[in-house]
Amino acid sequence: MVEEVSSAKKAEREQRLAQRPEWRLQQQVPPGLTDVSALPTSQLTPREREIVHLDATALAEAIRARRYTAVEVLQAFCHVATIAQDLTNCLTEVFFDEGLRRAQELDRHLEDTGEVVGPLHGVPVSIKDHILVKGHDTATGYIAWAFRTVAEKDAVAVDILRKAGAVIYVKTANPQTLLAIETNNNIYGRTLNPYNRSLTPGGSSGGESALIAVHGSPLGIGTDIGGSIRIPAAYTGLYGLKGSVGRMPHGGLMGSHDGMDAIIGALGPIATSARDLALFCRVMLQYEPWLVEPPLLEIPWKQDVAKGVGLPERLTFAILWDDGVVAPHPPILDALKRARDALLAAGHDVITWEPLDHKAAWDLILKLYFLDGGEEYRQVLEHDPPVPQTEWILSQVPNGGKPFTVAETFRINLEREAFRARVLAHWNAAKARTATGRHVDAILSPVAATLAPRHDMTRWWGYTSYWNLMDYPAAVFPVGRFRAAGHKPAQLPQGVVHVGDPRSETERVVRAEWDPETYDNIPVSLQLIGRRLNEERLLGILGKVEEALRFQDQQ
């Protein structure tokens, strides 16, 4: 059954891609070539190359000003997406023709009326596989769901994108179970990192990150219940935002554990600029999704706050150097040190964030992930052998693989709320250590303990899942690429990182993965965390962080 379904899905995808042979890469790529990041745009005309290097904000402006048509924009991105798929295995459902028909309609509308249909008129947007797109399969990385989950309607977010004028043209790979920070399933196989194909692009939104990193899409939608927007963005040098639950539309997703709301994921953007994160949120909330999705909070988007209006001149940052469980690899610590120096030079206040119970947080979120003892995963995987990352997470199912009783579930929910209260008090108490006498504005942290790791070697998501447990918004942003040649680790403030024997088997495995050559040329990213439901303020603060880093680079 597995082989049959996999062959049929791959053949369907290939049949659609084969309709445009001119969009295929016209050169042979040696299987051993690891960095393929420049190849997807290598056949473009100068005008097409210009198009695909614009962010979504600039693209929308250029189409509105009639510098480009929606059709030529989509054709350029489809050309790149085709090559990206052949090199990284990032696509699932391909519907270029449907997208081109919509692009033609949009061009006619602008020609006839002189007006755009909405703020994303003509902008291509890619969609993670488990998000419903009307008329297309929603296999979600499960053999059992392939060909049986054709969507009868769009997800709420996809419906809004269409109203805003966006053009939907591809769906992208996610892993078996979705509960993985790599992207691999038995339908399509493994998705690869374009900067080094022997490394992962992250997960569970890894198809999005691989595609957007090589300019096959200017903007994509991912989802995040443990790091699944932020880690793929980080591993491929992109921007990602996980908001608090209830801010962004979340209706119309396929996945295991529908109806379980002890821990909930968030839908959000993966993009090539910080301003596109705000653009996505502004568009989503402009269409008042709380009128169709009851759990959403009626909090309109405050764009002036996202631009930094009202922020104090001098901000206070707390840096999490080491979560007390797994120390980050040197390039990540180097990036934190560089950011610290830049923020201090810009006049901001910087303190060290004291980690609070990160291992306990992981143990707690595992209970919330597996309230049913993993039963639903086992059922859907009955004829679908677990891939290595599925085996790894299922090996950690608590409670001996038995479901928690109702009474136990109530206690776990109380434990979650007590934990949230403790961390909130910890954040508030940090005010006593700030030079400004004000509360910490944001926490600066690693996204993961490593840069993009070798396939099947992900061992710790605690730097991201902690903030899902807290329901705090978190944004990821790139700070450069790692260069192995002549690398010397930065001098860090004393005592901020554990340097003795590994504190656990997990830390031993992660530490053993450090080899500068493995990560040469791989993007380095950081994470910025704000207070709950303060997405706009978080993006405003991110603007100040990037400003400080840019100023430092110019010195």
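Here, every reference points to the structure presented above.
These figures come from a predicted structure and were not determined experimentally.

**Brief notes about the packing of helix α4 (residues 70-88) against helix α5 (residues 96-113)**
No. 1: Contact geometry for α4 and α5: axes closest at 8 Å, N-to-C directions at 160 degrees. In terms of axis orientation, α4 runs roughly antiparallel to α5. Considering only the axes of α4 and α5, their crossing is right-handed. Note on element contacts: α5 touches α4 through Phe96, Gly99, Leu100, Ala103, Gln104, Leu106 and Asp107, opposite Ala70, Val71, Leu74, Gln75, Cys78, Ala81 and Thr82.
No. 2: In terms of residue class, the contact of α4 with α5 is made up of 9 nonpolar, 4 polar and 1 charged.

**Let's talk about the packing of aromatic side chains**
No. 1: Using the criterion set out here, one finds 15 aromatic pairs in the structure.
No. 2: Between Tyr369 and Phe370 the ring centres are 6.5 Å apart and the planes differ by 85 degrees, which places this aromatic pair in the edge-to-face class.

**Some points on helix α18 (residues 535-554)**
No. 1: For α18, built from 20 residues, the straight-helix expectation of 28 Å at 1.5 Å per residue is met to within 8% by its first-to-last C-alpha distance of 29 Å.
No. 2: Of the residues making up α18, those classed as buried are Glu535, Glu536, Leu538, Leu539, Gly540, Ile541, Leu542, Val545, Glu546, Ala548 and Leu549.

**Quick look at helix α1 (residues 2-17)**
No. 1: Compared with the 22 Å implied by 1.5 Å per residue over 16 residues, the 23 Å span of α1 between its first and last C-alpha is a close match.
No. 2: For α1, the full list of buried residues reads Val5, Ser6, Lys9, Arg13 and Leu17. Viewed along the axis of α1, the buried residues span an arc of 105 degrees, placing them on a single side of the element. Set apart from the buried face of α1 by more than 90 degrees, the exposed residues are Glu3 and Glu4.
No. 3: Where the residues of α1 are buried, they touch α4, β1 (91-94) and α5.

**A short note on the sheet that holds strand β13 (residues 523-529)**
No. 1: Overall, mixed pairing links the 11 strands, which are arranged β1-β3-β2-β6-β8-β7-β12-β13-β11-β9-β10 in an open sheet. Each end of this open sheet is capped by a strand with a single partner; those strands are β1 and β10 (349-352). In this sheet, neighbouring strand axes are inclined to one another by 25 degrees on average, regardless of whether the strands run parallel or antiparallel.
No. 2: Pairing between strand β6 (residues 219-224) and strand β8 (residues 266-271): 6 bridges, direction antiparallel. Bridge pairing in β8 links Ile221 to Pro269.
No. 3: Running over the sheet, α4 touches β1, β2 (124-128) and β3 (167-172) and is turned about 5 degrees from β3.
No. 4: Packed onto the sheet, helix α11 (residues 330-345) meets β9 (316-319), β10, β11 (442-445), β12 (474-481) and β13 and runs at close to 55 degrees relative to β13.

Definitions and cut-offs
Going along each chain's sequence as written, the residues are numbered from 1 onward. A pLDDT threshold of at least 70 governs which residues receive local features in this predicted model, and a stricter bar of 80 or more applies before side-chain atom pairs are shown or counted, although totals over entire chains, interfaces and linings include all residues. The side-chain quantities take in all heavy atoms of the structure and omit both hydrogens and water. Here an axis means a line fitted to C-alpha atoms, over the contact stretch when the element is a helix, while the angle between two N-to-C directions is reported on a 0 to 180 degree scale. Only DSSP runs of H or I covering at least 4 residues are called helices, and only runs of E covering at least 2 are called strands; the numbering of each starts at the N terminus. Here the angle decides the label: under 35 degrees means roughly parallel, over 145 means roughly antiparallel, 65 to 115 means roughly perpendicular, and every other value means oblique. Working rule for handedness: look at the near helix, and if it is turned counterclockwise from the far one by less than a right angle, call the crossing left-handed; if clockwise, right-handed. Only heavy atoms enter the contact rule, under which two residues are in contact if any of them lie within 4.5 Å. Each residue gets one label: Ala, Val, Leu, Ile, Met, Phe, Trp, Tyr, Cys and Pro are nonpolar, Asp, Glu, Lys and Arg are charged, and the others, such as Gly, are polar. Any two rings among Phe, Tyr and Trp, with Trp reduced to its six-membered ring, count as a pair given centres within 6.5 Å; such a pair is stacked if its planes are under 30 degrees apart, edge-to-face if over 60, and tilted if neither. Take the residue count of a helix, subtract one, and multiply by 1.5 Å to get its expected span. Burial here depends on accessible area, computed with a 1.4 Å probe over protein chains only, as a share of the maximum for the residue type. Under 20% is buried, over 50% is exposed, and the range in between is partly exposed. Directions pointing from the helix axis toward each C-beta atom define the arc. Two strands pair if DSSP finds at least two bridges between them.

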